[in-house]
Amino acid sequence: MDRVSLLPDDLLLKILSYLPTNEVRITSVLSKRWRSLWMLLPKLEYSCGTFNTKTLESFSHFVNKSLLLHKAPVLESLHLSLGRSDSETDIVSCLEIASNRNLHELNVFFKLLSRLRLPRRTCETLVVMHLSYVFLNVTLVPDSFKALKTLHLLCVEFKGRKNKSFTRLLSKCPVLEDLLIDYPDPTQTFTVEVPSLQSLSIMHTLSHFFCLNTPSLKHLKIEGCLMKLCNIQKMPHIVTADVKLLIKTHLLDLPGSLTSAKHLSLCLIAAQGEVPHKPTEIFNQLHHLSFCTCYQDWPSYLKWIIEASPKLQTLKLYHHPSFTFCSQNDSTLPNMHLSDTKMNIPECSLPHLKTFEWRGYEETPENKKLASYILTNASGLKWALISSELIHADKKKEWILKDLNVMRT
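Residues numbered from 1 in each chain as written. Predicted model: local features only at pLDDT ≥ 70, side-chain atom pairs only at ≥ 80, totals over all residues. Heavy atoms only, no water.

(A) Summary view of the overall build of the protein. A tally of helices and strands in the protein yields nine helices and 19 strands. Residues counted as buried form 48% of the 409 residues belonging to the protein. Long-range pairs, those at least 24 residues apart, make up 53% of the contacts in the protein between residues at least 6 apart in sequence. (Helix = DSSP H or I, 4+ residues; strand = E, 2+ residues; numbered from the N terminus. Buried < 20%, exposed > 50% of the residue type's maximum accessible area, 1.4 Å probe, protein only. Contact = heavy atoms within 4.5 Å.)

This is the structure we're talking about:
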């Protein structure tokens, strides 16, 4: 007998868990020792792209047969990657079989938008659920996801009134802690009202109205073009916030809801003539600030943030070239070239600032004046770096720190 076969089951299962399930099944022909070993795998992954089948029905038949042979008392995760949507019944059958093994994590990915129905038992046992390119009828979800803590929705559409269906889905998740929404319907309002939620990511959104009421939230990420935000409630427990968005409305006070954050990254672009609202509260906990310089009036807003952040230790300025996709066809947006901006230098001290970094630096008199001011007034500064390189530039790094009329010892 080969040495590998002498290893204990737990170790062999650990090794097999790194292989696609269809390849793992092939090991059953090696010897009697391997014949039923694959049936004990706690994680199963099936992809129609890895099978030599011509129809989804035959792929679904293989998955059903495989799941029926599975013997592990608990199925930790099931990943299904599907190419067509003409066999919803077969997919539901797969989920029902998996749920009888107390399925904890479900990941369903369709290459094209496809209908999906979730069995009652699946809803009861899931802790993690990822759905991609799924058309979901929430009225057919029979019960609450009483154990679900992580929900990721990628290009998921809902039947009927979408905001109502989305809100209804969230209401069925009483202990939800992690929610990701990527590219929802651009014509709808989405309300996120989850008292238990601790992490929220809203990605690649276009023309949306979002209402956020998440009092327990600790981590927030918003990236994309968000036309309007409404009813943004205070987030007293927020720790990290990464916000990159285009705002085309008078309601520009999102940062005011983040005054409890310790780590804050802001890239805000408003319509011409509009300025994000000046924070009315102090960022008492803010230690690390990353600030994008792609908005024309960014110096004024930076001044406000610095003045409201008495404990700031790290300041990073950067220019985000990839974010211009939001506004490249929008004539109402201001010119975002740094050299066109007149600099209002913050009249405040930075006693706790230890790290200062500026990427995408343009050597203009205004920029030199701001850099000189920061280097002069940051009495505790230990590390400074100024670079003409943009944040995502591929060229060789070219650090510069010159002609600032500042001498530090």
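(B) Fine view of the pairing of strand E16 (residues 314-318). Among the five residues of E16, four are classified as buried, and the element is accordingly described as predominantly covered. Of the pairings in the sheet, the one linking strand E15 (residues 288-292) to E16 comprises five bridges and is parallel in character. Across the sheet, His-288 pairs through a bridge with Thr-314, a residue of E16. (Pairing = 2+ DSSP bridges.)

(C) Molecular detail of helix H5 (residues 88-99). The terminal C-alpha atoms of H5 lie 16 Å apart, and with 12 residues this matches the ideal 16 Å at 1.5 Å per residue to within 8%. Inspection of H5 places Ile-91, Val-92, Cys-94, Leu-95, Ile-97, Ala-98 and Ser-99 among the buried residues, and these make up the whole buried set. (Expected span 1.5 Å × (residues − 1).)

(D) Just the pattern of salt bridges, in detail. Taken as a whole and judged by the stated rule, the model has two salt bridges. The closest approach of N and O atoms between Asp-242 and Lys-244, which form a salt bridge, is 2.9 Å. In this structure, Glu-357 engages Arg-359 in a salt bridge whose closest nitrogen and oxygen atoms are separated by 2.9 Å. The same class applies to Glu-357 as to Arg-359, namely buried. (Salt bridge = Lys/Arg side-chain N within 4 Å of Asp/Glu carboxyl O.)

(E) Structural view of the packing of aromatic side chains. In total, this model carries five aromatic pairs according to the counting rule given. When the ring of Trp-298 is compared with that of Trp-358, the centres are 6.0 Å apart and the planes differ by 80 degrees; the resulting orientation is edge-to-face. Remark: Trp-358 occurs in strand E17 (residues 355-359) and Trp-298 occurs in helix H8 (residues 298-307); sequence separation between them is 60 residues. Considered together, Trp-298 and Trp-358 belong to a single accessibility category, that of buried residues. Ring centres 5.0 Å apart and planes at 85 degrees place the aromatic pair Trp-358 and Tyr-361 in the edge-to-face group. Residue Trp-358 shares its accessibility class with Tyr-361, and that shared class is buried. What links up through ring pairs into an aromatic cluster is the set Trp-298, Phe-356, Trp-358 and Tyr-361. (Phe/Tyr/Trp six-rings, centres within 6.5 Å; stacked < 30°, edge-to-face > 60°.)

(F) Here's a closer look at the nonpolar core. Grouped together as the largest cluster of nonpolar side chains are 90 residues, with contacts concentrated most on Leu-78, Leu-179, Val-192, Leu-315 and Phe-356. Setting aside anything within four residues of it in sequence, one finds Leu-315 in contact with Leu-289, Leu-302, Ile-306, Leu-353, Thr-355, Phe-356, Glu-357 and Ile-374. Core analysis: the next-biggest nonpolar cluster, separate from the first, contains five residues, Ile-269, Cys-292, Cys-294 and Tyr-318 among them. (Core = buried A, V, L, I, M, F, W, Y, C linked by side-chain atoms within 4.5 Å.)

(G) A look at the confidence of the model for the protein. Predicted confidence across the protein gives a mean pLDDT of 76, with 66% of residues reaching 70 or more. Here residues 324-343 scores under 50 on pLDDT; set against residues more than four positions off or in separate chains, the count is 45 contacts. Low pLDDT, under 50, characterises residues 402-409; the predicted model gives this stretch 17 contacts beyond four residues in sequence or across chains. (pLDDT = per-residue confidence, 0-100.)

(H) Spotlight on the side chain of Thr-259. Note that Thr-259 resides in the loop between strand E13 (240-247) and strand E14 (263-270). A distance of 2.3 Å separates the side chain of Thr-259 from the side chain of Lys-234, its partner in a polar contact. Ignoring any residue separated from it by four or fewer positions in sequence, one finds Thr-259 in contact with Lys-234, Glu-281, Ile-282, Phe-283, Asn-284 and Gln-285. (Polar contact = N/O pair within 3.5 Å; in protein donor to acceptor, adjacent residues only side chain to side chain.)

(I) Spotlight on the environment of Glu-362. In this structure, Glu-362 sits in the loop between E17 and helix H9 (365-377). Put simply, Glu-362 and Ile-386 are 24 residues apart on the chain and 9.8 Å apart in space, counted from C-alpha to C-alpha.

(J) Broad picture of H9. Taking 1.5 Å per residue, 13 residues should reach 18 Å; H9 reaches 18 Å between its end C-alpha atoms and fits that length. Every buried residue of H9 is accounted for by Asn-367, Leu-370, Ala-371, Ser-372, Ile-374 and Leu-375. Where the residues of H9 are buried, they touch H8, E16, E17 and strand E18 (383-387).

(K) Up close: unusual backbone geometry. In this structure, Asn-102 takes a positive phi of about 55 degrees despite not being glycine. Within the fold, Asn-102 resides in the loop between H5 and strand E3 (105-116). Its identity is not glycine, yet Tyr-133 carries a phi of approximately 55 degrees, on the positive side.

(L) Inspection of the environment of Ser-171 at higher detail. Tracing the sequence through the fold places Ser-171 in helix H7 (residues 162-171). Residues Ser-171 and Ser-144 lie 27 residues apart in sequence; the distance between their C-alpha atoms is 8.1 Å.

(M) Broad picture of the state of the cysteines. Counted by the stated rule, this structure contains zero disulfides. Lacking any disulfide linkage, Cys-292 is separated from the closest cysteine sulfur, that of Cys-267, by 3.0 Å. Residue Cys-292 is classed as buried on the basis of its relative accessible area, which comes to 4%. (Disulfide = S-S within 2.5 Å.)

(N) Expanded view of the environment of Arg-115. Along the polypeptide, Arg-115 turns up in strand E3. In this structure the C-alpha to C-alpha distance between Arg-115 and Tyr-133, which are 18 residues apart in sequence, comes to 8.8 Å. When near neighbours in sequence (up to four residues on either side) are disregarded, Arg-115 contacts Glu-88, Phe-110 and Phe-135.

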